[in-house]
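Commentary on secondary and tertiary structure
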Amino acid sequence: MVNWSALSPDLLVQIAKRVKLLDDFVAFRGVCSSWRSAANMRNFMFKYDQLPLLMLAPRESSNRRDFFNISKGVSRQVCLPEANDKKTLSSKGWLLTIDRDWRIFLLHLYSRVRIELPNIKSFEDWDADDCISPNIMRLFFLHKFVLSSSPLEDEDYIVMVIYGCDGKLAYFKPGCKTWITVHPTCSQFMGFSDVFYYQSKFYAIDFLGQLMVCDFSSDNCNPVDQLLAEMPSGLVRTKVIDKLYLVVVSHGVFWVIQRHGVSARPGSNCTTGNSVFHVFEVKLSTNSSSWFEIKDLGNRSLFVGHNSSFSVVSHISDCKPNCIYFTDDFPESCWWVAIEEGVELEGAGKDMGIYCIQDGSIVPHFEGESYHFLSPPMWVERSFN
């Protein structure tokens, strides 16, 4: 039997340099430690696809997860027992997992590095909803996870999350024993919907469209927060099923994506159908902000869901310009439908596709079925850090 791990390092480097596709490069890295050492980014000479992978819902009784390449229309299976039976979120090529013992880990998809974070029980008022079953608690407690930088290259990374029924912000820094809740001093916020990292600052938006910045660049141990802008009342929807996402386009320019779900049936507050999106550009001036709806994202495409929101340049990533690639990040909908309709819980994952900003049309990015109550499909960015 051939011992592939015994190949010389020089030969492995030469082979790695001839690999043209990122997916093949990832597979090359997964053979063994010597192959992974040879396959680093300086030996990958081809421009790689910016498109993220769609991590599909887990298969029953399997440690493997399917990752769908939306540009090629093919899936690759990855053995990922670290994510089995766990609630997962993603940011910058890392997964955040929550297991049945309330332990939280960071997991880098490509290197398989795993970092343990403080337990869920270290959150402020984590047990406020102690009447809820553990499985439901795992589903609802953490809503969003955003990394400031890769822990593999920056020992001062920050993890920011949105948690709890009230949509609070909390963060972790290496050396912390607990999660530290952010208590905004600038305004009364109505539950945060999304958070985005940009140039040493976290920007967060709540369900009423109030935009706040948390600045970690000062020497102060705690971040300095400031209210930056408020969505005009005429643009604010009052239904709880709306979600807002946030992307920083450039200094002082933000895109706020408003997602409004389609009701499961007339008169219902539950959402299982396709979404409608509106994108607003927010420009900040010295004492005010201007909000206006845009119908042209230029050469950018947006990716939203159970991932930290981000944009890619469409002409170098083989994706549709002026579109929003979305996955189902509202698992509460299937829970509510089950309660209202008295049916078995089928799982989240049905509300996903590609939304065209120009005409409001929706086409699928994945033709198959991939539903799961705890871990529906989500975007995972490609990262070798």
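Calculation criteria
- Residues numbered from 1 in each chain as written.
- Predicted model: local features only at pLDDT ≥ 70, side-chain atom pairs only at ≥ 80, totals over all residues.
- Heavy atoms only, no water.
- Helix = DSSP H or I, 4+ residues; strand = E, 2+ residues; numbered from the N terminus.
- Buried < 20%, exposed > 50% of the residue type's maximum accessible area, 1.4 Å probe, protein only.
- Contact = heavy atoms within 4.5 Å.
- Areas by Shrake-Rupley, 256 points an atom, 1.4 Å probe, with all protein chains shown as cover.
- Salt bridge = Lys/Arg side-chain N within 4 Å of Asp/Glu carboxyl O.
- Phe/Tyr/Trp six-rings, centres within 6.5 Å; stacked < 30°, edge-to-face > 60°.
- Lys NZ or Arg CZ within 6 Å of the ring centre and 35° of its normal.
- Pairing = 2+ DSSP bridges.
- Axes fitted to C-alpha atoms, helices over the stretch in contact; angles between N-to-C directions.
- Disulfide = S-S within 2.5 Å.
- Core = buried A, V, L, I, M, F, W, Y, C linked by side-chain atoms within 4.5 Å.
- pLDDT = per-residue confidence, 0-100.

A count of helices and strands for the protein gives 5 helices and 25 strands. A buried classification covers 52% of the 385 residues belonging to the protein. Sequence separation of at least 24 residues holds for 52% of the intrachain contacts in the protein that already meet a minimum separation of 6. Here the protein displays about 17,900 Å² of accessible surface, and carbon together with sulfur accounts for 50% of that area.

Our next topic: the pattern of salt bridges. One pass over the full model with this rule turns up 10 salt bridges. Glu281 serves as the salt-bridge partner of Lys283, at 3.7 Å between the closest nitrogen and oxygen. Residue Glu281 is classed as buried on the basis of its relative accessible area of 13%.

Another point: the packing of aromatic side chains. Here the structure, examined in full by the defined rule, presents 17 aromatic pairs. Relative to Phe216, the ring of Tyr171 has its centre 5.0 Å away and its plane inclined at 85 degrees; by these criteria the two rings are edge-to-face. Residue Tyr171 is found in strand β10 (residues 168–172), and its partner Phe216 is found in the loop between β14 (210–215) and β15 (224–230); the two are separated by 45 residues along the sequence. Exposure remark for Tyr171: the relative accessible area of 2% places this residue in the buried category. Members of the aromatic cluster, each reached through a chain of ring pairs, are Phe123, Phe141, Tyr157, Tyr163, Phe172 and Trp179. Looking at Arg114, its charged tip hangs above the ring of Phe105, at a distance of 4.0 Å from the centre.

Turning to the sheet that holds β14, a few remarks are in order. Sheet architecture is open: 4 strands sit in the order β12-β13-β14-β15, paired in antiparallel fashion. Across the chains shown, the open sheet's two edge strands, defined by having one partner strand only, are β12 (192–198) and β15. Strand-to-strand twist of the sheet, defined as the mean angle between neighbouring strand axes without regard to direction, takes the value 20 degrees. Two strands pair when backbone bridges link them, and β12 and strand β13 (residues 201–206) are joined in this way by 6 bridges, in the antiparallel orientation. The residue of β13 that forms the bridge with Phe196 is Tyr203.

Our focus in this paragraph is unusual backbone geometry. For Asp85, which is not a glycine, the phi torsion comes out positive at approximately 60 degrees. Following the sequence through the fold, Asp85 ends up in the loop between β3 (74–79) and β4 (87–91). A positive phi angle, near 70 degrees, is found at Ser200, a position not held by glycine. Along the chain, Ser200 falls in the loop between β12 and β13.

What follows is about the state of the cysteines. Applying the stated criterion across every chain yields a total of 0 disulfides. Here Cys356 stays unpaired: no disulfide links it, and the sulfur of Cys323, its closest cysteine neighbor, is 4.6 Å away.

It is characteristic of soluble globular proteins that their nonpolar side chains tend to be buried jointly. Within the largest apolar cluster, 29 residues are counted, with the highest numbers of intra-cluster contacts made by Leu246, Val256, Ile257, Phe277, Val279 and Ile324. Taken together, the elements giving at least two residues each to this core come down to β13, β14, β16 (243–250), β17 (253–263), β18 (271–284), β19 (289–294), β20 (300–304) and β22 (323–326). When residues of this core are assigned to their parent elements, the largest contribution, 5 residues, is made by β16. Once residues lying within four places of it in the same chain are set aside, the contact partners of Phe277 are Tyr245, Ile257, Gln258, Arg259, Val304, Ile324, Phe326 and Tyr355.

Across the sheet, which stays open at both edges, the 4 strands sit in the order β3-β2-β1-β25 with antiparallel pairing between neighbours. Each of the sheet's edge strands pairs with one partner strand only, and the pair in question is β3 and β25 (378–380). In this sheet, neighbouring strand axes are inclined to one another by 35 degrees on average, regardless of whether the strands run parallel or antiparallel.

So, on to the pairing of strand β7 (residues 114–117). Of the strand pairs in this sheet, strand β6 (residues 104–108) and β7 are connected by 4 bridges, and their pairing is antiparallel. If you follow Leu106 over to β7, its bridge partner there is Ile115. Hairpin connection from β6 to β7: 5 residues lie between these consecutive antiparallel strands, with Arg112 at a positive phi of about 70 degrees.

Here Cys319 shows up in the loop between β21 (310–313) and β22. Judged by relative accessible area, Cys319 falls into the buried class, the value being 9%. Here the alpha-carbon distance between Cys319 and Ile70, two residues 249 residues apart in the chain, equals 8.4 Å.

A few words now on the confidence of the model for the protein. Per-residue confidence for the protein gives a mean pLDDT of 80, with 76% of residues at or over 70. Confidence over residues 263–271 falls short of pLDDT 50; this stretch has 21 contacts with residues more than four positions distant or in other chains.

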